[in-house]
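Coordinate inspection notes
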Amino acid sequence: MIDQLDDIEARVSAALDQAVDLEQLEEWRRATIGRKGEVQLLTRRMGEIGPADRPAFGKRINEIKASLQVAFEARQEALKRSAHDNDDDDRLDVTLPGRRPTLGGLHPSTLVMRRIERIFGDMGFQTYRSPDVVTDQLNFGDLNMPPDHPARDMQDTFYTTDPSVVLRTHTSGGQILAMQEQYPAPVRVILPGMCYRNEQITSRSEIQFHQIEGLAVGPAITFADLKGTLTEFARRLFGEGRGARFRASYFPFTEPSAEMDIACFLCDGEGCQLCKETGWLEILGCGMVHPTVLWNGGYDPEEWSGFAFGMGPERIAMLRHGIRDIRYFWSNDLRFLRQFQRFV
């Protein structure tokens, strides 16, 4: 009986080699090493063998099953590779053009900031970088906001473990550094950067945001220079013929102070929900540099004058693209960010 096992193994192995596809291979498996296959059913013939030969008979059956299982898996893998190589649908066509890899894009805030920097660069303004962590004196005191000044309540400040050191609430403090570094030469700089305020996060306010400050100091700068510069800026950023106006306002570091509006994009000045039915959209604050700020920067206000302005790139991006929630800028949602790749 044990000698017959060798003949069975040789026969089923030859049948395995004749399987030309996965379907025939599966039929061979069920007929041989399957649960009701020929090799599996050999164990039922143990009763026909004498007790002395049963251990050798059982061992030989297990060896055959193990050997056939390995041969089956090898044949299965070979047939799978052959089927894949002959599949016209999966075959690689080297004549097809390559697929472009998915590329990233600039953040919408970065796009707007670069656009603004290019416009003022064409006007002769240099980009000046100031630190994010500054002294309380630079952030407030040098800008005509001494301790207990009511204007400090307008900005909820992040303080460090040292009460005299804060995260800047605006880029305006960089004006002092720029004036001190460039004295006694005229100054014409823009100061882009991140600002931080401890405010409640809503659709219109965040604890961090970008700001671009502008400063020009010279011997005889007037408010007309301020209006001409910002009107030209609005024309280049928002398009020819876009109406603009200046409204009186208050900032402790400028006097006189104003806010600049442009005609609404959506209704073209007629009044809509975006502009709150006024027909105008506020884009920045500005004014003539306060004499105290000039003194703190090292310039004698009797001989020098200047203007300053500040704007939020996120706000401008929201106006230009109809974005209703400032939190989108910091959510890292690719569905939102990919919409701006075409503006690069």
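Here the structure is shown first, and the text comes after it.
Below or above, wherever it landed, is the structure these notes cover. (Residues numbered from 1 in each chain as written. Predicted model: local features only at pLDDT ≥ 70, side-chain atom pairs only at ≥ 80, totals over all residues. Heavy atoms only, no water.)

Quick look at the packing of aromatic side chains now. Counting across every chain of the model gives twelve aromatic pairs. Pairing Trp28 with Phe72 gives two aromatic rings, centres 6.2 Å apart and planes at 15°, and the pair type is stacked. Placement of Trp28 in helix α2 (residues 22-32) and of Phe72 in helix α4 (residues 54-85) is noted, with a sequence separation of 44 residues between them. We classify Trp28 as buried; its relative accessible area is 7%. Look at Tyr299 and Trp304: their rings are 5.0 Å apart centre to centre, the planes differ by 80°, and that puts the pair in the edge-to-face class. On the basis of relative accessibility, which here comes to 15%, the residue Trp304 falls in the buried class. (Phe/Tyr/Trp six-rings, centres within 6.5 Å; stacked < 30°, edge-to-face > 60°. Helix = DSSP H or I, 4+ residues; strand = E, 2+ residues; numbered from the N terminus. Buried < 20%, exposed > 50% of the residue type's maximum accessible area, 1.4 Å probe, protein only.)

Moving on to unusual backbone geometry. The omega torsion of the bond from Tyr183 to Pro184 falls at 5°, within 30 degrees of zero and hence cis. With respect to the element layout, Pro184 can be found in the loop between α7 (173-182) and β4 (187-196). Cis rather than trans, the peptide bond between Glu255 and Pro256 has omega equal to 0°. Within the secondary structure, Pro256 is located in strand β7 (residues 254-263). Here Asn144, not a glycine, exhibits a phi torsion of approximately 70°, which is positive. Topologically, Asn144 is positioned in the loop between α6 (136-139) and β3 (165-167).

Each packed pair of helices is defined by two parameters, the angle between the axes and the distance between the axes. Relative to each other, helix α5 (residues 108-122) and helix α10 (residues 313-321) sit at 100°, their axes nearing to 9 Å. Here α5 lies roughly perpendicular to α10, going by the angle between them. In this structure, α5 uses Ser109, Val112, Met113, Arg115 and Ile116 to contact α10, whose residues at the interface are Pro313, Glu314, Ile316, Ala317 and Arg320. In the contact of α5 with α10, the residues fall into six nonpolar, one polar and three charged. (Axes fitted to C-alpha atoms, helices over the stretch in contact; angles between N-to-C directions. Parallel < 35°, antiparallel > 145°, perpendicular 65-115°, else oblique. Contact = heavy atoms within 4.5 Å. Nonpolar A, V, L, I, M, F, W, Y, C, P; charged D, E, K, R; others polar.)

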